[in-house]
Structures are given as C-alpha cells and as structure tokens.
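As a plain string of letters, each chain reads:
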Amino acid sequence: MKTIEIKKTKDRKDLIGTKPLKEHYNVLITEPTILTKDGKIVAVYDKIPESYKELAKKISVTTNPNRSKRQGSGVPTVSSVFGAIAKNGVRIATCRGTTRNKDEKENFAAITKLAKLVSDKYKEILPEQYKKDVEITRSLVEADYLFGDLPFTTFNANKNQLIKYHIDRGNLKGVMSNVLISRRGVSGGELVFPEYGFAFAQQDGFYSVFDGEKEVHGVADCKFISKDAYRCSFVFYTLDQMKHCAPYLEEMESEKKHYTKKNNNRSKTFGMSKKEFASNKWQEENGTE
Ligand SMILES: [Fe+2]
C-alpha cells in the first residue's frame with residue numbers, strides 16, 4: 001500500500017461549521033494509502049472486497065425508506081442507527097438495541113458484517129491503536145452492549161448527509177473514527193482535512209480510519225447525477241454515553257419502575273428481552289467468515 005507523510009500546515013478551526021471547498025486541499029487520495037505523521041501511522045484509506053461492496057449497496061438502497069427528510073437539493077437524507085444506543089433524557093429511556101435492529105433485521109446483519117470487516121482491517125493496519133480502542137471500550141462499556149472484539153457498539157448508515165467541517169464529539173474519548181462509503185451516480189463528496197491540505201476521494205467501497213476527535217474534517221458538496229443517485233457513509237463508533245449504561249436487564253428493570261402501566265408498552269415497543277437483544281446482536285456475528 002502507498003504511504004504518504006502528512007504535516008499540519010495551519011490551524012483551521014475557524015472553518016468549523018462551513019462547507020469544505022476545493023481550495024482547502026491540493027492532494028486528493030484515490031487509492032489505498034497509509035498516512036503517517038512523524039513516521040507514525042495516523043490514518044488509513046483502503047478498499048473493501050467486492051462482496052462487501054454489494055452488502056453496503058443493499059443497505060444503502062433499502063434502509064429506512066419511509067422516514068427520510070429532504071435536504072436543500074431535494075435529495076432525501078436518512079440516518080439509520082443500528083447496534084446499541086445509550087439512554088438520552090426522555091427520548092431514549094434506557095440503554096438498548098436500536099429499533100432499526102428489529103425493523104431491518106437483514107440490514108442489521110449486513111451492517112454487522114461490515115463492522116467486523118472494518119474492525120479486522122483496522123486491527124491489521126493499526127494493531128496498537130486497535131488494541132487500545134478495544135481496551136478502552138471494554139473497560140468502560142458493559143459487555144451486554146459489546147460485539148465481541150469490535151471496538152464499537154453502534155453503526156450508522158448516513159445517506160446523503162453532507163456534514164460541514166467539524167470535530168467528532170460524543171464518541172468515546174481516544175477512539176478512532178471509522179467510515180465506509182457506498183455511492184453511485186454522485187460526483188464530489190470528498191472528505192476534506194483542511195489543516196493538512198488533503199482529502200479522501202470517498203469512492204464507492206472505500207473505508208477510512210482517522211482521528212476525528214482531533215482533526216477538523218468535513219464532506220464536500222455532491223452532485224446527484226442520476227435519479228437513483230445516493231452517497232451513504234457507514235460510521236462505526238461507541239457513544240461516550242454508553243459508559244453510563246447499566247447491564248441490559250437492570251436497564252429494563254429501571255424502565256419498568258419509571259413508567260406507568262400504560263407507558264410500560266414502551267418496553268414492548270422499543271425494548272427487547274435480554275435474550276432477544278442478545279440473539280439479534282449475535283445473529284450474524286457467529287456466521288461471519
Ligand atoms: Fe466526523
């Protein structure tokens with residue numbers, strides 16, 4: 001794999017909240033590349049096997065068709081969350097598996113396979129960082145919410161979301177960001193790192209690992225050319241809030257205490273029994289090659 005040395009040329013925190021532009025980079029990375037800083041690997045851009053590309057495409061095309069919003073360009077945007085999520089005020093009463101796990105069982109199985117693939121690649125290329133991420137995740141998050149040795153608990157399929165410059169927040173501290181791309185009929189959409197002057201082309205079937213907590217990054221504008229055009233980014237991560245989750249059964253118990261009888265239906269609607277949660281969680285993990 002090609003290796004390039006990168007160097008932070010300027011501080012561009014001022015760009016946060018703005019749209020990435022072509023003039024913010026002069027190196028466009030389009031082939032599998034290892035990026036080093038002071039000789040140490042800090043990011044990776046690599047291609048996934050064809051069969052996984054098909055899997056990613058299937059999820060992108062079929063996920064969450066009824067809940068999409070439209071953005072300015074008229075292209076529907078979707079964010080489907082799979083895996084485990086943390087409680088969040090009144091909106092999410094307990095830590096649990098997401099409703100999407102149940103509503104889109106096949107997509108959940110498929111995205112879990114993608115998570116495993118990304119994790120394996122990550123382990124191969126950045127073994128020390130991977131080990132550190134797994135250790136951090138295991139020491140802070142209850143085993144009920146973990147997927148074996150994956151260093152993440154939650155998988156998003158974000159369709160047609162072009163995120164302006166930002167620094168990742170809300171993820172477990174010290175853990176790298178992992179993103180995989182599926183797209184068709186789209187031009188643009190590069191992932192730009194303005195402080196270093198490079199961008200990942202974010203081609204179909206490529207994934208990247210980078211330190212999203214430290215480095216300013218954002219997605220450049222896209223042109224959706226064909227009618228069925230889409231750009232889907234799969235993000236694998238662990239929410240920082242997961243460290244406040246009690247074991248799953250305790251979470252379910254506290255939900256029961258918290259709600260009135262009528263509202264207890266919430267747990268039937270939104271929660272799962274521990275067995276169901278576990279079997280859903282593991283259904284494809286066991287069958288992964
Ligand atoms: Fe990000």
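Residues numbered from 1 in each chain as written. Predicted model: local features only at pLDDT ≥ 70, side-chain atom pairs only at ≥ 80, totals over all residues.

Asks: Can you break down the overall build of the chain residue by residue, with the values?
Replies: What the chain contains, in helices and strands, is seven helices and 16 strands. Classification of the 289 residues of the chain by burial places 42% in the buried group. Put simply, 79% of the contacts in the chain that link residues at least 6 apart link residues at least 24 apart. (Helix = DSSP H or I, 4+ residues; strand = E, 2+ residues; numbered from the N terminus. Buried ≥ 20, exposed ≤ 12 C-beta atoms within 10 Å, placed from the backbone. Contact = placed C-beta atoms within 7 Å.)

Asks: Could you give me a rundown of the sheet that holds strand 14 (residues 218-219), with the residues and numbers involved?
Replies: Pairing is mixed in the open sheet, where four strands are placed in the order 2-12-11-14. Strand pairing shows two members of the sheet lacking a second neighbour, strand 2 (27-29) and strand 14, which therefore form its edges. Where strand 11 (residues 191-193) meets strand 12 (residues 198-200), three bridges bridge the pair, whose relative direction is antiparallel. What sits directly across from V192, in strand 12, is A199. (Pairing = 2+ DSSP bridges.)

Asks: Can you break down helix 4 (residues 127-140) residue by residue, with the values?
Replies: The α-helix advances 3.6 residues per turn, and as a result positions three or four apart in sequence lie on the same side. In this model helix 4 runs 20 Å from its N-terminal to its C-terminal C-alpha over 14 residues, within 8% of the 20 Å that 1.5 Å per residue would give. Considered for burial, the residues of helix 4 that qualify are Q129, Y130, D133 and T137. Buried residues of helix 4, viewed axially, fall in a sector of 100°; they line one side. Opposite the buried face of helix 4, by more than 90 degrees, sit the exposed residues P127, E128, E135 and S139. Packing partners of the buried residues in helix 4 comprise helix 3 (105-125). (Expected span 1.5 Å × (residues − 1). Arc of directions from axis to C-beta.)

Asks: Outline helix 1 (residues 50-62), listing residues and values.
Replies: Over its 13 residues, helix 1 extends 19 Å from the first C-alpha to the last, a length consistent with the 18 Å expected when each residue adds 1.5 Å. Where helix 1 is concerned, the buried positions are Y52, L55, A56, I59 and S60. Axial view of helix 1: buried residues confined to an arc of 135°, hence all on one face. Relative to its buried face, helix 1 has exposed residues pointing more than 90 degrees away, namely E50, S51 and E54. Those residues of helix 1 hidden inside the fold are in contact with helix 3, strand 8 (154-159), strand 9 (177-184) and strand 16 (230-237). N64 lies just past helix 1 and shows a positive phi near 45°.

Asks: Break down unusual backbone geometry for me, citing the residues and quoting the values.
Replies: Its identity as a non-glycine residue notwithstanding, N160 has a phi of 60°, on the positive side. For N160, the location among the structural elements is in the loop between strand 8 and strand 9. C-beta crowding within 10 Å serves as the criterion here: with 25 such atoms nearby, N160 is assigned to the buried category. Here Q202, not a glycine, exhibits a phi torsion of approximately 55°, which is positive. With respect to the helices and strands, Q202 occurs in the loop between strand 12 and strand 13 (206-210).

Asks: Can you break down the pairing of strand 8 residue by residue, with the values?
Replies: Counting buried positions along strand 8 yields six of six residues, so the element is predominantly enclosed. The two faces of strand 8 match: T154, N156 and N158 on one face and F155, A157 and K159 on the other face are all buried. As judged from the six bridges shared by strand 6 (residues 76-85) and strand 8, these two strands associate in the antiparallel manner. When the bridges of strand 8 are listed, V78 appears paired with K159. Alignment of strand 8 against strand 16, held across six bridges, turns out to be antiparallel.

Asks: How would you explain the packing of helix 1 against helix 3 if you had to name every residue and give the values?
Replies: Direction vectors running N to C along helix 1 and helix 3 enclose 140°, while the axes themselves pass 10 Å from each other. Relative to helix 3, the element helix 1 lies oblique. Between helix 1 and helix 3 lies a crossing of left-handed hand. Residues Y52, L55, A56, K58, I59 and T62 of helix 1 touch helix 3, and the partners they reach there are N107, A110, I111, K113, L114 and L117. Partitioned by chemical class, the residues of the contact of helix 1 with helix 3 number eight nonpolar, two polar and two charged. (Axes fitted to C-alpha atoms, helices over the stretch in contact; angles between N-to-C directions. Parallel < 35°, antiparallel > 145°, perpendicular 65-115°, else oblique. Left-handed = near helix turned anticlockwise from the far one by under 90°. Nonpolar A, V, L, I, M, F, W, Y, C, P; charged D, E, K, R; others polar.)

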